[in-house]
Amino acid sequence: MRHLRTLVLALVLAAAAPAAWSHSLKDLQAQLGDREKYFQPIDKDAPAFMLQDADGHSVSLADFRGKVVVLNFIYTNCPDICPLHAERIAEIQGLVSQSPMKQQVEFITITTDPSWDKGEVLRNYGHAHGLDPANWIFLTIKPDQAEDTTRKLAEQFGHRFDKTEEGIRPTASSPT
């Protein structure tokens, strides 16, 4: 998908209403960079992926061609920032759903702990945080993929999650 802009649309809608729809990425960075700690515009081709949803259906990045994608990486047993991100995205999703953009935006959450985050765990997480499955999907690895596949994908976006004895932990890394 050409020019995936992670969280750009979402943060624009959350922060500024209709006037922000005409901002460039540079304007958005200047406007939101100081106020939104995790704002990270990405204006480059996104890495291709093939994963599966909570029901075991194959999903690729190409399936979202022509849509604006709001993408985030989490693990469901994350005790702090992941639930906050999910709830913020649910707020943003609600704003998008009230706009003409509803059919053009897809929210994608990719787990970085696929050994724990499977089927029912994924569905329950979305429901618990108010994410609407109408334009939201939770992705994990396919059975034939390595357990670290989604963590390697996250690294391509400048985020690092390491598997430790205590479980999955985010590691500070610089945005791409």
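Residues numbered from 1 in each chain as written. Predicted model: local features only at pLDDT ≥ 70, side-chain atom pairs only at ≥ 80, totals over all residues. Heavy atoms only, no water.

Visitor: I would appreciate a short explanation of the sheet that holds strand 3 (residues 68–74) in the present structure.
Guide: Read from one edge of the open sheet, 5 strands run 2-1-5-4-3, paired in mixed fashion. Both edges of this open sheet fall to strand 2 (58–60) and strand 3, since each of them pairs with a single strand only. Across the sheet, the mean angle from the axis of one strand to that of its neighbour is 40°, orientation sign disregarded. Here 4 bridges tie strand 4 (residues 105–111) to strand 5 (residues 136–140), and the two strands are oriented parallel to one another. Among the inter-strand pairings, Thr 109 is bridged to a residue of strand 5, identified as Phe 138. In the packing of helix 3 (residues 81–97) onto the sheet, contacts are made with strand 3, strand 4 and strand 5, and the angle to strand 4 comes to roughly 165°. (Pairing = 2+ DSSP bridges. Helix = DSSP H or I, 4+ residues; strand = E, 2+ residues; numbered from the N terminus. Axes fitted to C-alpha atoms, helices over the stretch in contact; angles between N-to-C directions. Contact = heavy atoms within 4.5 Å.)

Visitor: I would appreciate a short explanation of the side chain of Ser 60 in the present structure.
Guide: Take Ser 60: it is sitting in strand 2. For Ser 60, a relative accessible area of 10% gives the class buried. If we skip the residues at most four places from it in the chain, Ser 60 touches Phe 49 and Met 50. (Buried < 20%, exposed > 50% of the residue type's maximum accessible area, 1.4 Å probe, protein only.)

Visitor: Where do I start with helix 3 in this structure?
Guide: An α-helical turn contains 3.6 residues, so any two residues separated by three or four positions project in the same direction. Spanning 17 residues, helix 3 covers 24 Å between terminal C-alpha atoms, matching the ideal 24 Å at 1.5 Å per step. Listed in full, the buried residues belonging to helix 3 are Cys 82, Pro 83, Ala 86, Ile 89, Ala 90, Ile 92, Gln 93 and Val 96. (Expected span 1.5 Å × (residues − 1).)

Visitor: I would appreciate a short explanation of the environment of Phe 64 in the present structure.
Guide: Along the polypeptide, Phe 64 turns up in the loop between strand 2 and strand 3. For the pair formed by Phe 64 and Gln 104, sequence separation is 40 residues and the distance between their alpha carbons is 9.4 Å.

Visitor: Quick question: what am I supposed to make of the environment of Pro 143 here?
Guide: Mapped onto the secondary structure, Pro 143 falls in the loop between strand 5 and helix 5 (149–156). Take Pro 143: its relative accessible area is 76%, and that puts it in the exposed class. Separated by 87 residues in the primary sequence, Pro 143 and Gly 56 place their C-alpha atoms 9.1 Å from one another.

Visitor: What is the right way to look at helix 5 in this model?
Guide: Every buried residue of helix 5 is accounted for by Thr 150, Arg 151, Leu 153 and Ala 154. The buried residues of helix 5 occupy one face: seen down the axis, they fall within an arc of 155°. Just downstream of helix 5 lies Gly 158, where phi reads positive at about 90°. (Arc of directions from axis to C-beta.)

Honestly, that's just the spatial picture; any functional story needs more than this.
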